[in-house]
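# Coordinates in review
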Amino acid sequence: MPWEWNKGSETATMTNLNIRVSSGQMLAVIGNSGCGRTTLLDIITCKDEGGKIKSGQILINGKLSTKHLVKKCVAHVRQDDQLLPHLTVRETLSFIAKLRLPKSYSDQQRQKRVEDVIAELRLRQCANTKVGNEYTRGVSGGERRRVSIAVQLLWNPGILILDEPTSGLDSFTAHNLVITLSRLARGNRLVLLSIHQPRSDIFQLFDLVLLLSSGATIYSGTAKDMVQYFTSIGYPCPRYSNPADFYVDLTSIDQRTREQEMECLERTKSLSDIFQQKVKDFDDFLWKAQDENRELTSSETSVSVQTPTKDKVITIGKHEKDELPKGIHQFSVLLNRHVSNDLRDLTTLIIHGAEAVLMALLIGFLYYGQGANPLSIQDTVALLFMKGSLTPFAVVLDVVAKCHSERAMLYHELEDGLYSITPYFFAKVIGELPEHFAFVVFYSVPIYWLANLNPLPENFLMNFLLMWLVVYCSRTMALWMSALFPTLQISSFLSNAIFTASYLTGGFIIRLDNLWTVPFWISFVSFMRWSFAGLMQVQFTDTTYKVQLQNITLTIPGELIVESMEMDAYPLYASFLTLIGISAGFLLLYYLSLRFIKQKSSQDW
Amino acid sequence: MEVVEDASSDTTISGKEGSCNISVQNICYTVRERVGPWWDVQSYYNKWTRQILRNVSFYMESGQIMAILGNSGSGKTTLLDAISGRIGSKGTLLGDVYVNGSQLKKEQFQDCFSYVLQHDSLLSYLTIRETLTYTALLALQKHSKDAIKKKVDSVMAELSLTHSADTVIGGRVFNGISSGERRRVSIAAQLIQDPKIILLDEPTTGLDAMTANHIVLLLSELARKDRIVIISIHQPRSELFRIFDKIAIMSCGELVFCGNPQEMITFFDDCGYECPEHSNPFDFFVDLTSVDTRTKAREMETYSRVHTIASAYKDSNQFQNTLQLMEASKKSKVKQSIPFKQKEAPSELSKLFVLFRRTVRNLSRNKSGIIMRLSQNLIFGLFIAFFLIRFKNDVLEGALQDRIGVIYQCLGGTGYTGLLNAVALFPALRAISDQESKDGLYQKWHMLLAYIFHIVPFSILSVVIFGAFIYWTVGLHPELTRFGCFIAITIPPHLMGELLALAVLGLVNNPNIVNAGVALLNIAGILVGSGLLRSLQEMPRVFQLLSYVTYQRYCCELLVVNEFYDLNFTCGGLSNLTGPTSQCPYTKGTDFIESIYPGATSRVTFDFLMLYAFVPAMIIGCVISFKFRDILMRR
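Residues numbered from 1 in each chain as written. Chains lettered and ligands numbered in written order. Predicted model: local features only at pLDDT ≥ 70, side-chain atom pairs only at ≥ 80, totals over all residues. Heavy atoms only, no water.

## Focus: the overall build of chain B
- When helices and strands are counted, chain B shows 21 helices and 12 strands.
- A compact globule built from 635 residues should have a C-alpha radius of gyration of about 26 Å, whereas chain B, at 32 Å, is more than 25% larger.
- With respect to the principal axes defined by its C-alpha atoms, chain B has extents near 110 × 65 × 45 Å.
- For chain B, buried positions account for 58% of its 635 residues. (Helix = DSSP H or I, 4+ residues; strand = E, 2+ residues; numbered from the N terminus. Rg over C-alpha atoms; globule rule 2.2 N^0.38 Å. Buried < 20%, exposed > 50% of the residue type's maximum accessible area, 1.4 Å probe, protein only.)

Right, here's the structure in full:
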């Protein structure tokens, strides 16, 4: 696969880089921190993170690289591991295999592939261990790193890009990994990796090396000629040092003092100039000797020279033929993954369950209405409001926290083109339903029974449905908020604000007609107002209350109570429809936020 | 391979003043673990014993630096944890550690060894000099100011931090010193206590090659000054080969080899594995001693190789020599005392004072933190005011309902903002206190108390701003003394919200869970205690009793009395119209108070006392929770 890019930039980030790699080769980008390795990989994978390509282009198979093309044939292993914490290593890989391997694979073949990758990366010992994260114990850091690499190796991509694959791995595993990568490269694939400190035995495995320092090319060529090149320009490598270490040190910028920094910058500048000169002069020589074509063009001309395509098999083609699983299939895999991950998280399940049950018992016993003393009118009204407006707050906080913990993974998987937004959206929404249903049952049924609310079965059902809807509104609102804002703090603060606004305009804390125009209009979209109205009507319509006041017994019809709270303006079905409408609206907003807002995460706790 | 034999690694016990030696003998560590995850019921109930460390023994003297090499999972970190006394009581630790020939008790480990963890936890708004000075003040209380300054300067010079001494350390949000400097500050903080034995867990991980080399060179210089330095290291570069006096290689929890570089080369030569010319000896030998689990056959083969090498080492001269040295040091006539870290146990109060100054200094540079603390309540107040604008005076227009609503919000809202502050700002400090308490600098609850003291003024100020705004905007009772009382009543709930969150943060690590849990706890308190949502007289007996232990009960009673006492309302435009036939149950505020809190007007002082008594009680609760955290973390 011929592949060429040509890049010039006015800033110091990356200047005048021109290199061509064909399939079957492994290119290592080396250099000290801050040399532009990650920037380079970002440019190749079409991720414009802040920077802009001033001039130059990247060609894959002679075609200008686009996001679409990159998704199809480039696998990118990132430096940070983004994995679901409660799945085991094998499960993680199986789910990816179901999403990533072409349809033509049978289940056995998929399973075989997973097992192969597990063996390849020496993950057999921990295959049945949870992946884990900072709060839950799981596999070790190095193992998690290997799982991330395994995820990308799984689908056999045409171009494999790895950002610091060996950092955090022990030397033995690192060595094995690079051997694996070089074997992959031999199988007509292109492997590109950035690495800051390759061991000598790893260095020997590289085909091509690109040595960068503050964005400038110091050397690019075959690994075995590197020492020869530097010797020819007067920097021989001492006998017992690792050439990679020696030359990375030579070109690194020492920022400890100002003078040293200037000196290093000077040296780097001269080295990159020498290299440009050398390559210009020996252009032919290099090309002939290595069957490799590297040309440097100045940043002004920046149009890469098209070299004739000479490669036989194009790996991308294979992937275009084999269709990846689509729509319904993606949805079912994602749903399965979502539910498995949730079910495995015992601690969270217990905590959420305890939250629901304890609050239900507390409220239920507080408003205990069984037996001789039924609840008074005021207490019943207070109970009906509170039921729908206090505890869902915890649901909002939980949902926001959970979505944010998954946000970075979602972003990366969408960028990788593992699945599209729509299946994810449906899987997420439907995957939340069992938990939601369980929460409402555990929370609202005990209260209903303990407080001895209207005992007719249809009233109970209505009450339950209203509770279900109001909690669902809170949940969808939280989903929307966490998709809309990049940090956990902003999301939880603003969902808190919406919740409180809905709460204050609910008609219980402040009378509806004491609200001035703006909040009065807000009250129409306040889900608590509608649930309160609905619950009031369900409870009081067609009932009478006897009130004992100074030896006089008054009979108050239930409708009057509803009227006194001004909750009778709209019929019951209006409450239902509005609540359904509000949650549908939040879902729509959630979908739109997923679709149009990058799910990049910048969480900082 | 060319190796320069170092003079300091010769094998006689030097009798120099101030020198010391450490022998670690037959350290074994085993844990019992569940075989499978919880959803796999059958295997979950089976437990198996896993041996993490197997008979590890070595001997070191002052002036030496030892590197522990090995693959991940070989037990490097566990070994360091075990020696430093940081290992939990989850497993069983066997074996002895001798320093200068006398056996060390498990409790003494922490006082003798300094341990630098892989992750630096430092306060992000302090400068390097301040960080070290505060550590020095905590560790060396009895020294004079000049002595401490001198000590800090000398430590900074030793770790070449002098040129950036007054740079702020920085955190994730803003830039400060580089990662190599951060690591050096962590090491410097340990050096303040003048330890003779320093352990470091992966000091070079996450640093680029040049910085990593620099750190290792610095450490070897430290060792030359009569200290013992033991580090676990990951992929050291070949230049470092000659720097270490001793190299230990671990595999599967066993010490496969331990000796100086020259001995290592000859030992492996004798075993028949010669290090090739152009490769890094570290990497070569580590690869040689690691188990390849890719296939069963490879696993058996590599495992038996490791086993052969390990038994060859056990029979080798080096190992016999080590054993002899251990015996010699144990039997030596003139036993030197155990070189404990310098620690003149300063009084608890002065520790608290230093910590207090440190947290204040740290917060004073954190502008966004201060703004958040001060403005959160106000934003909340703006929110309420936006929806309500102003109270009516007619019961039919909701005069009672709206007032109760605002009182409820003042109670619940200020508590919630307190919780948010704690959850956002405290976890970082908690991480630091976890680490420093393990260094024996202070106890976890000292940090907690310092934190609590430094938030009090901010809490008061924040409530005053909030109160002044909401009180006059929505039109609560317009009397200055009542305004004063209102402020005094709303301060405790704000503090209690934060304190409650702190107490839970002591037991639960994940701040998100604390956030939701404590929010619910506050709501539950309001439900049971306030009497606004459920009349106190009609509640079941248990909850009536329970309500006495909620601060919300007293707070709410006071707020209601403060607002409604002697306040008269109209009813449909007419005043003073009461009676069962009227639509308004109450037009006199005093009647209303009597109906929900009978006799509340007469126990205002009592309520105030009770409300304020909750604050110290909760502080004690927090301290207990953090004492409990000690026990939890030891497990």
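## Structural notes on the interface of chain A and chain B
- Between chain A and chain B, the residue contacts involve 84 residues of the former and 76 residues of the latter.
- Across the chain A to chain B interface the summed buried area is about 7200 Å²; carbon plus sulfur atoms make up 59%.
- Summed over the shared surface of chain A and chain B, the number is one salt bridge.
- Notably, a salt bridge pairs Glu299 of chain B with Arg124 of chain A, separated by 3.4 Å at the nearest N-O pair.
- At the boundary of chain A with chain B, the tally comes to four residue pairs in polar contact (both at pLDDT 80 or more).
- A breakdown of the residues in the side of chain A that touches chain B according to their chemical character gives 42 nonpolar, 23 polar and 19 charged. (Contact = heavy atoms within 4.5 Å. Buried area = accessible area lost by both parts, 1.4 Å probe. Salt bridge = Lys/Arg side-chain N within 4 Å of Asp/Glu carboxyl O. Polar contact = N/O pair within 3.5 Å; in protein donor to acceptor, adjacent residues only side chain to side chain. Nonpolar A, V, L, I, M, F, W, Y, C, P; charged D, E, K, R; others polar.)

## Observations regarding the sheet that holds strand β7 (residues 159–163) of chain A
Residues and elements named next belong to chain A.
- Reading across from one edge, β6-β7-β8-β3-β9-β10 is the order of the six strands in this open sheet, with mixed pairing throughout. For this open sheet the edge positions go to β6 (74–77) and β10 (216–222), each flanked by a neighbour on one side alone. Strand-to-strand, the axes of this sheet are offset by a mean angle of 15°, without reference to chain direction.
- Sheet analysis places strand β9 (residues 208–213) next to β10, joined by six bridges and oriented antiparallel. If you follow Leu208 over to β10, its bridge partner there is Thr222.
- In the packing of helix α5 (residues 141–153) onto the sheet, the strands contacted are β6 and β7, and the crossing angle to β6 comes to about 175°. (Pairing = 2+ DSSP bridges. Axes fitted to C-alpha atoms, helices over the stretch in contact; angles between N-to-C directions.)

## As for the nonpolar core
- Within the largest apolar cluster, 350 residues are counted, with the highest numbers of intra-cluster contacts made by Phe206 of chain A together with Phe58 and Phe113 of chain B.
- Sort the elements by how many residues they give to this core and helix α14 (residues 399–438) of chain B lands first, with 16 residues.
- Leu27, Val70, Ile159 and Ile161 of chain A belong to the second-largest nonpolar core, a separate cluster that totals 16 residues. (Core = buried A, V, L, I, M, F, W, Y, C linked by side-chain atoms within 4.5 Å.)

## Digging into the packing of helix α18 (residues 457–484) of chain A against helix α19 (residues 488–504) of chain A
Residues and elements named next belong to chain A.
- Interaxial distance between α18 and α19 falls to 9 Å at its minimum, and their mutual angle equals 145°. In this structure, α18 crosses over α19, and the sense of that crossing is right-handed. Contacts from Ser474, Met477, Trp480, Met481 and Ser482 of α18 reach α19 at Ser491, Leu494, Ser495, Ile498 and Phe499.
- The residue makeup of the contact of α18 with α19, split by class, is six nonpolar, four polar and no charged. (Left-handed = near helix turned anticlockwise from the far one by under 90°.)

## Here's the deal with the pairing of strand β3 (residues 65–70) of chain B
- Of all six residues making up β3 of chain B, six are buried, and the element is well covered by its neighbours.
- Neither face of β3 of chain B is left uncovered, since the one carrying Ile65, Ala67 and Leu69 of chain B and the one carrying Met66, Ile68 and Gly70 of chain B both have all their residues buried.

## Quick look at the UniProt feature "transmembrane region" (unreviewed entry) in chain B
Residue and element names in this part refer to chain B.
- When the UniProt feature table is mapped onto this chain numbering, "transmembrane region" (unreviewed entry) sits at residues 370–391, 406–427, 448–474, 486–508, 513–533 and 608–626.
- Taken end to end, residues 370–391 has its terminal C-alpha atoms 32 Å apart, with 86% of it in helix and 0% in strand.
- Taken as a whole, residues 406–427 contains 100% helix and 0% strand, while its terminal C-alpha atoms sit 32 Å from one another. (UniProt positions renumbered as here; feature names shortened; annotations may be inferred.)

## Topic: α5 of chain A
- Across its 13 residues, α5 of chain A extends 19 Å between first and last C-alpha, which sits within 8% of the 18 Å expected from 1.5 Å per residue.
- Of all 13 residues that make up α5 of chain A, 11 are buried, and the element is covered over most of its length. (Expected span 1.5 Å × (residues − 1).)

## Here we look at unusual backbone geometry
- A positive phi angle, close to 50°, is found at Glu164 of chain A, a residue other than glycine.
- Tracing the sequence through the fold places Glu164 of chain A in the loop between β7 and α6 (171–186).

## As for the environment of Lys392 of chain B
- For Lys392 of chain B, the location among the structural elements is in the loop between α13 (367–388) and α14.
- Exposure remark for Lys392 of chain B: the relative accessible area of 31% places this residue in the partly exposed category.
- A sequence separation of 82 residues divides Lys392 of chain B from Val474 of chain B, and the C-alpha atoms of the two residues are 9.5 Å apart.
- For Lys392 of chain B, the contacting residues outside a window of four places in its chain are Asn514 of chain A together with Glu397, Ala399 and Arg403 of chain B.

## Considerations on the UniProt feature "transmembrane region" (unreviewed entry) in chain A
- In the numbering adopted here, UniProt assigns the feature "transmembrane region" (unreviewed entry) to residues 349–369, 381–401, 436–453, 460–481, 493–512, 519–540 and 572–592 of chain A.
- Measuring from the first to the last C-alpha atom of residues 460–481 of chain A gives 32 Å, for a span that is 100% helix and 0% strand.

## Details of a nonpolar patch on the surface
- A contiguous nonpolar surface patch, about 360 Å² in accessible area, is contributed by Leu358, Leu361, Phe365 and Tyr368 of chain A.
- Examined against the element boundaries, Leu358 of chain A turns out to sit in helix α14 (residues 346–366). (Patch = residues over 30% accessible without salt bridge, like charges linked within 9 Å, V, L, I, M, F, W, Y side chains within 5 Å. Areas by Shrake-Rupley, 256 points an atom, 1.4 Å probe, with all protein chains shown as cover.)

## Some points on the packing of aromatic side chains
- Evaluated as defined, the whole model comprises 51 aromatic pairs over all chains.
- For the ring pair Phe385 of chain A and Tyr503 of chain A, a centre distance of 5.6 Å and an interplane angle of 40° mean the geometry is tilted. With Phe385 of chain A in helix α15 (residues 377–389) and Tyr503 of chain A in helix α19, the pair connects residues that are 118 residues apart, well separated along the chain. For the pair Phe385 of chain A and Tyr503 of chain A, one class covers both residues: buried.
- Their ring planes at 55° and their centres at 5.9 Å tell us that Phe257 of chain B and Phe268 of chain B sit as a pair that is tilted. Taken as a pair, Phe257 of chain B in strand β10 (residues 254–259) and Phe268 of chain B in helix α8 (residues 261–271) lie far apart in primary sequence, 11 residues in all. (Phe/Tyr/Trp six-rings, centres within 6.5 Å; stacked < 30°, edge-to-face > 60°.)

## Regarding the side chain of Glu432 of chain A
Residue and element names in this part refer to chain A.
- Within the secondary structure layout, Glu432 lies in helix α17 (residues 421–450).
- Glu432 gets classed as buried once you look at its relative accessible area, which sits at 4%.
- What Glu432 contacts, discounting residues up to four positions off in sequence, is His338, Val399, Lys402, Arg475 and Leu479.

## Thoughts on the pattern of salt bridges
Residue and element names in this part refer to chain A.
- Using the criterion set out here, one finds 31 salt bridges over all chains in the structure.
- One salt bridge connects Glu91 with Arg344, and the closest N-O pair in it is separated by 2.5 Å. Of the two residues, Glu91 is situated in helix α3 (residues 89–100) and Arg344 in helix α13 (residues 327–344); the sequence distance between them amounts to 253 residues.
- Look at the salt bridges and you will find they share partners, linking Asp342, Lys402, Glu406, Lys428, Glu432 and Arg475 into a network.

## Focus on the environment of Leu99 of chain A
Residues and elements named next belong to chain A.
- Mapped onto the fold, Leu99 is located in helix α3.
- With relative accessibility at 1%, the residue Leu99 sits in the buried group.
- Here the alpha-carbon distance between Leu99 and Trp155, two residues 56 residues apart in the chain, equals 9.4 Å.

## A closer look at the side chain of Thr417 of chain B
All names here are of chain B.
- Note on placement: Thr417 falls in helix α14.
- Look at Thr417 and you get buried, because its relative accessible area is 4%.
- For Thr417, the contacting residues outside a window of four places in its chain are Gln376, Asn377 and His494.

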